[in-house]
Each structure stands twice: as structure tokens, then as C-alpha cells.
Amino acid sequence: QVQLVESGGGLVQAGGSLRLSCAASGRTFRNYDMGWFRRAPGKEREFVASIIWSGRSTVYADSAKGRFTISRDNAKNTGYLQMNSLKTEDTAVYYCAAYSSGDNRWNSWGQGTQVTVSS
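This is a predicted model, so every value here is computed, not measured.

Help me out: how do you make sense of the sheet that holds strand S7 (residues 68-73) in this one?
To summarise the sheet geometry, strands pair through backbone hydrogen bonds and adopt either a parallel or an antiparallel arrangement. Spatially, four strands are ordered S1-S3-S8-S7 in an open sheet, and the strand pairing comes out antiparallel. Edge positions in the sheet fall to strand S1 (3-7) and S7, since each has one partner strand and no second. Averaged over all pairs of adjacent strands, the angle between strand axes in this sheet comes to 15°, irrespective of strand direction.

Help me understand the packing of aromatic side chains, please; the structure alone is not making it clear to me.
Given two aromatic rings, one states the distance between the centres and the angle between the planes to describe the pair. Taken as a whole, this structure holds four aromatic pairs when the rule is applied. With a centroid separation of 5.7 Å and an interplanar angle of 75°, the aromatic rings of Phe37 and Phe47 are classed as edge-to-face. A residue pair is termed long-range when its members are at least 10 positions apart, and Phe37 in strand S4 (residues 33-39) and Phe47 in strand S5 (residues 46-51) qualify at 10 residues. You can call Phe37 buried: its relative accessible area is 8%.

What exactly am I supposed to notice about the nonpolar core here?
Side chains of a nonpolar character, in soluble globular proteins, are inclined to be buried together. Judged by nonpolar contacts, the single largest core of 28 residues is most densely connected at Trp36, Val48, Phe68, Ile70, Leu81, Met83 and Tyr94. Mapped onto this core, the elements with two or more residues apiece are strand S3 (18-25), S4, S5, S7, strand S8 (78-83), strand S9 (92-100) and strand S11 (113-118).

I keep staring at the environment of Ser119 and nothing clicks. Help me out?
With respect to the secondary-structure elements, Ser119 resides in the segment after S11. Its relative accessible area of 83% is what places Ser119 among the exposed residues. As a C-alpha pair, Ser119 and Ile70 span 49 residues in sequence and 25 Å in three-dimensional space. In this view, Ser119 contacts Ala14 and Thr88; residues no more than four positions away in its chain are not counted.

I tried to follow the state of the cysteines on my own but got confused; where do I start?
Each disulfide consists of a covalent bond between the sulfur atoms of two cysteine residues. The tally for this structure, following the rule as stated, stands at one disulfide. Here Cys22 connects covalently by a disulfide to Cys96, the sulfurs 2.0 Å from one another. In this structure the cystine formed by Cys22 and Cys96 twists about its S-S bond by roughly 65°; its chirality is therefore right-handed. Taken as a pair, Cys22 in strand S3 and Cys96 in strand S9 lie far apart in primary sequence, 74 residues in all. Since its relative accessible area comes to 0%, Cys22 is described here as buried. In this structure Cys96 comes out as buried when scored by relative accessible area, which is 0%.

Parameters and conventions
- Residues numbered from 1 in each chain as written.
- Predicted model: local features only at pLDDT ≥ 70, side-chain atom pairs only at ≥ 80, totals over all residues.
- Heavy atoms only, no water.
- Pairing = 2+ DSSP bridges.
- Helix = DSSP H or I, 4+ residues; strand = E, 2+ residues; numbered from the N terminus.
- Axes fitted to C-alpha atoms, helices over the stretch in contact; angles between N-to-C directions.
- Phe/Tyr/Trp six-rings, centres within 6.5 Å; stacked < 30°, edge-to-face > 60°.
- Buried < 20%, exposed > 50% of the residue type's maximum accessible area, 1.4 Å probe, protein only.
- Core = buried A, V, L, I, M, F, W, Y, C linked by side-chain atoms within 4.5 Å.
- Contact = heavy atoms within 4.5 Å.
- Disulfide = S-S within 2.5 Å.

This is the structure in C-alpha cells:
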């Protein structure tokens, strides 16, 4: 497995922006597809966005399309989630994850970073 550490969360007003980072170590980051998930208070964890190992293909949840951009820099072993036009409903703990093609599942998770959007 790869070890993941998120950063960049915080408190922002609605309409503002944040960029989350996900630093990877332990295994070769470029071998893994990467994703961002979030868990809002009282809700289940939900998918936000994902990017394949090469960075050439991305997938977004409908809630993220047009506002969030996922990217990665394999030379820096780091993934990113740029979040613009934030809404109060984006308030959640955001997690990055690495996908194992061998296990066919998201099997490495970070500890999460809190994003709070105020009105």
C-alpha cells in the first residue's frame, strides 16, 4: 500500500476556493490511480473525483463538475484537488485514496482534511 497525507483544508466563505494536496509515500505513486472522497456530517462517504495514474483521464461526481479540478504531479508524488465556487454543502472531511488494480479497490486512505464553507 501507499501512505497518503492530505493537507490544505480550512475555513472558507461560500464562493471561495481551496486547494487540497495529497502527499504519497511508501510505494510508487505513479502506479496508482488516485481519488478524492468526502464525508459530510451525518452522511456516508461519497466519491468526488478520480484521476488515472498518467493523469490523462479524470472522472467527477456531478456535484464537482465545473467547480473542482483533480490533478497530480507524479514527479512530486502528490495529488491535488482544486475547489472553486465552494458552497456550504461542500463542508466535509475530504480524503484522498489510491486504487489498487491488484485488489480492484481503493485500499489506501489518508487521514482526511476538514473543509468548512461558511455562508
